[in-house]
Amino acid sequence: MSSDEIDLERVLCRVAELEATGCREFRLGGGDWPLKGFIVRAGGEVRAYINRCPHQSLSLNLMPDRFLSADNSVIVCSMHGAIFEKATGLCVAGPCAGRALAIVSVVVVAGLVMLAEGVDAAALIRRFAG
Ligand code: FES
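Fair warning: this is a prediction, and the values are worked out from it, not measured in the lab. (Residues numbered from 1 in each chain as written. Predicted model: local features only at pLDDT ≥ 70, side-chain atom pairs only at ≥ 80, totals over all residues. Heavy atoms only, no water.)

Visitor: I'd like a rundown of the overall build of the chain, residues and numbers included.
Guide: Each helix and strand counted, the chain has one helix and 10 strands in total. A compact globule built from 130 residues would reach a C-alpha radius of gyration of about 14 Å, and the chain, at 14 Å, matches this within 12%. Burial statistics for the chain: of 130 residues in total, 42% are counted as buried. As displayed, the chain has an accessible area near 7,100 Å², and 50% of this comes from carbon and sulfur atoms. In the chain, which carries 13 positive and 14 negative side-chain charges, the distance between the mean positions of the two groups comes to 8 Å. (Helix = DSSP H or I, 4+ residues; strand = E, 2+ residues; numbered from the N terminus. Rg over C-alpha atoms; globule rule 2.2 N^0.38 Å. Buried < 20%, exposed > 50% of the residue type's maximum accessible area, 1.4 Å probe, protein only. Areas by Shrake-Rupley, 256 points an atom, 1.4 Å probe, with all protein chains shown as cover. Lys, Arg positive; Asp, Glu negative; His and termini not counted. Charge placed at Lys NZ, Arg CZ, Asp CG, Glu CD.)

Visitor: Lay out the sheet that holds strand 4 (residues 45-50) in plain terms, naming residues and giving numbers.
Guide: In a beta sheet, neighbouring strands pair by backbone hydrogen bonds and run either parallel or antiparallel. Across the sheet, four strands lie side by side as 2-3-4-8; this open sheet has antiparallel pairing. Pairing within the sheet leaves two strands with one partner each, and these edge strands are strand 2 (23-28) and strand 8 (103-104). As judged from the six bridges shared by strand 2 and strand 3 (residues 35-42), these two strands associate in the antiparallel manner. By the bridge assignment for strand 3, L28 is matched with L35. (Pairing = 2+ DSSP bridges.)

Visitor: Could you give an account of the packing of aromatic side chains, naming the residues involved and the relevant values?
Guide: Two descriptors summarise a pair of aromatic rings, namely the distance from one centre to the other and the angle between the planes of the rings. Per the stated rule, a full pass over the model turns up two aromatic pairs. Note on F38 and F67: the rings are 4.0 Å apart at their centroids and 10° apart in plane angle, and the pair reads as stacked. Of this pair, F38 sits in strand 3 while F67 sits in the loop between strand 4 and strand 5 (74-76), and the two are 29 residues apart along the sequence. Of the two residues, F38 and F67, neither departs from the other in class, the shared state being buried. (Phe/Tyr/Trp six-rings, centres within 6.5 Å; stacked < 30°, edge-to-face > 60°.)

Visitor: So what's going on with helix 1 (residues 121-128)? Which residues, and what values?
Guide: Taken residue by residue, helix 1 has A121, L124 and F128 as its buried positions. Down the axis of helix 1, the buried set is contained in an arc of 60°. They therefore lie on one face. Residues of helix 1 that are exposed and point over 90 degrees away from its buried face: R126 and R127. Buried residues along helix 1 sit in contact with strand 2, strand 3, strand 4, strand 8 and strand 10 (112-115). Capping of helix 1 at its N-terminal end is provided by D120; its side-chain oxygen lies 3.1 Å from the backbone amide nitrogen of A122. (Arc of directions from axis to C-beta. Contact = heavy atoms within 4.5 Å. Polar contact = N/O pair within 3.5 Å; in protein donor to acceptor, adjacent residues only side chain to side chain.)

Visitor: Would you mind going over the state of the cysteines in detail, with residue names and values included?
Guide: The full count for this structure, using the stated rule, is zero disulfides. Of the cysteine sulfurs around C91, a residue in no disulfide, the closest is that of C96, at 3.7 Å. Taking relative accessible area as the criterion, C96 reaches 1% and is therefore assigned buried. (Disulfide = S-S within 2.5 Å.)

Visitor: Pulling in residues and values, what's your account of the pattern of salt bridges?
Guide: All chains considered together, the criterion is met by four salt bridges. We note a salt bridge from E17 to R24, for which the minimum N-O separation is 3.1 Å. A salt bridge links R27 to E25, with the shortest nitrogen-to-oxygen separation between them at 3.6 Å. Here E25 falls in the buried class, since its relative accessible area comes to 18%. (Salt bridge = Lys/Arg side-chain N within 4 Å of Asp/Glu carboxyl O.)

As structure tokens, this is what we get:
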């Protein structure tokens, strides 16, 4: 895919925007209640998750773009401390251990993190917005 062919509506962020905190929030859809998600570096790859904790369906972060532990090794829910693997979204400790964040398939193209081909953005918004 060349940069001329990129559908900008499917771009979630630039890879470079992950440098500061290792993760980055994104929104899909408009209005007051868009879908809220976040992208995280996991080794040499990136993952995207819906920003909704499986414990009580709350947003995981209190501060913008802050989802990780102090050593950046895991995702931490700010509400009650659930800990999730960055690569899988699986909760490995806390009140929702064994459950997982909802993953959004993404690809990196020309330095951009984009919804993967076949991901129905409208369906995602219908399911997770709010
Ligand atoms: S809402 Fe995330 S641990 Fe309770």
